[in-house]
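Analysis of the macromolecular model
So you can see what is in the structure, the chains are spelled out below.
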Amino acid sequence: GLDYGEGLGKGAKAIGFKTYEPNPVDDFKPDYTNPISIPDASVDKITSLNVLNVVKKEDRDNAVKDIFRILKVDGEAIITTRGSDIYGDKAKPAVANIGNEAGSVITSSGTFQKGFTQPELEAYVQDLLGDSVTITKFKGGKAGIKITKVKPEVDRKTPYNKITEEELDSFYAD
């Protein structure tokens, strides 16, 4: 197995998974620091716990696509994120500025946080990976899913940027 975006490696060590961490801190030496060095379709189990909520959309999209690329067909990934808890609560509100993405903040230490609802996380991953995965709810984090890779390539019902001829004609007519 592989822990994608491990942090300090403690969780991965506890369950015997290899680690990918692009920004290791302290004395932690992950197995991988570049996702390209992880072979395609090489892992049957991946965890990515509270990683997607700390990266901006472009990096988040790439992380989800990497997880898919690395998984073997029939492999499973557990993905969890933070939710509205990024705002704190009435007793102790977060010290942060609203981020430029819906549901996001920039913390007082300058880090990015994006809170997800359960349906939002499910729809986000489904939109990226389409019918190439099945998604089921996973209890963990504020939002959590288990994806199972059912096809070797991404197969979306509606590919990105697919524009009909009518839309093109209308665009050029204006």
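We now turn to the structure provided with this report. (Residues numbered from 1 in each chain as written. Predicted model: local features only at pLDDT ≥ 70, side-chain atom pairs only at ≥ 80, totals over all residues. Heavy atoms only, no water.)

**Observations concerning helix α3 (residues 118–129)**
Condition: In DSSP terms, a helix is any run of H or I states spanning at least four residues, a strand is any run of E spanning at least two, and both are numbered starting from the N terminus. An expected span of 1.5 Å times one less than the residue number is assigned to each helix. Note on exposure labels: buried denotes an accessible area under 20% of the residue type's maximum, exposed denotes more than 50%, and partly exposed covers the range between, all computed with a 1.4 Å probe on protein chains only. It is the directions from the helix axis to the C-beta atoms that the arc portrays. For this analysis, residues touch if any pair of their heavy atoms sits within 4.5 Å. By the criterion applied in these results, polar contacts are pairs of N or O atoms within 3.5 Å in which, for protein atoms, one can donate a hydrogen and the other can accept it, and in which residues neighboring in sequence qualify only through two side-chain atoms.
For α3, with 12 residues, the first-to-last C-alpha span of 17 Å sits near the 16 Å given by 1.5 Å per residue. Restricting attention to buried positions, one finds in α3 the residues Gln-118, Leu-121, Tyr-124, Val-125, Leu-128 and Leu-129. The arc enclosing the buried residues of α3, seen along the axis, measures out at 135°, which places them on a common side. Summarising the contacts, the buried residues of α3 are in contact with α2 (57–70), β4 (71–81), β8 (133–137) and β9 (143–149). The N-cap of α3, judged by a side-chain oxygen 3.1 Å from the amide nitrogen of Glu-120 a few residues on, is Thr-117. At the exit of α3 stands Gly-130, carrying a positive phi of roughly 55°.

**Observations concerning the packing of aromatic side chains**
Geometrically, a pair of aromatic rings is defined through the distance of the ring centres and the angle of the planes. Which entries qualify depends on this criterion: Only centres within 6.5 Å qualify two rings of Phe, Tyr or Trp (six-membered ring in Trp) as a pair; their planes then separate them into stacked at under 30 degrees, edge-to-face at over 60, and tilted for everything else. The criterion for a charge sitting over a ring is simple: Lys NZ or Arg CZ within 6 Å of the ring centre, and within 35 degrees of the ring normal.
Applying the stated criterion across every chain, the model contains 2 aromatic pairs. Aromatic pair Tyr-4 and Tyr-20: ring centres 4.6 Å apart, planes at 45°, arrangement tilted. Remark: Tyr-20 occurs in strand β2 (residues 18–20) and Tyr-4 occurs in strand β1 (residues 2–4); sequence separation between them is 16 residues. In this structure, Tyr-4 and Tyr-20 share a single accessibility class: buried. Ring centres of Phe-116 and Tyr-124 lie 6.0 Å apart, and the angle between their planes is 50°; this geometry places the pair in the tilted category. As far as the burial class goes, Phe-116 and Tyr-124 line up, both buried. Geometry around Tyr-124 places Arg-60 over its ring, the cationic atom sitting 5.7 Å from the centre. The aromatic ring of Phe-68 is capped on one face by Lys-149, whose charged end is 4.4 Å from the ring centroid.

**Points about the nonpolar core**
Note the threshold: Residues belong to a common nonpolar core when they are buried Ala, Val, Leu, Ile, Met, Phe, Trp, Tyr or Cys residues joined through side-chain atoms within 4.5 Å.
Leu-2, Tyr-4, Ile-46, Val-125, Leu-129 and Ile-147 are the most contacted members of the largest nonpolar core, which totals 27 residues. Broken down by secondary-structure element, the contributors of at least two residues to this core are β1, β3 (43–49), α2, β4, α3, β8 and β9. Not counting residues within four places of it along the chain, the set of residues in contact with Ile-46 comprises Leu-2, Tyr-4, Ile-67, Ile-70, Leu-71, Glu-76, Ala-77 and Ile-78.

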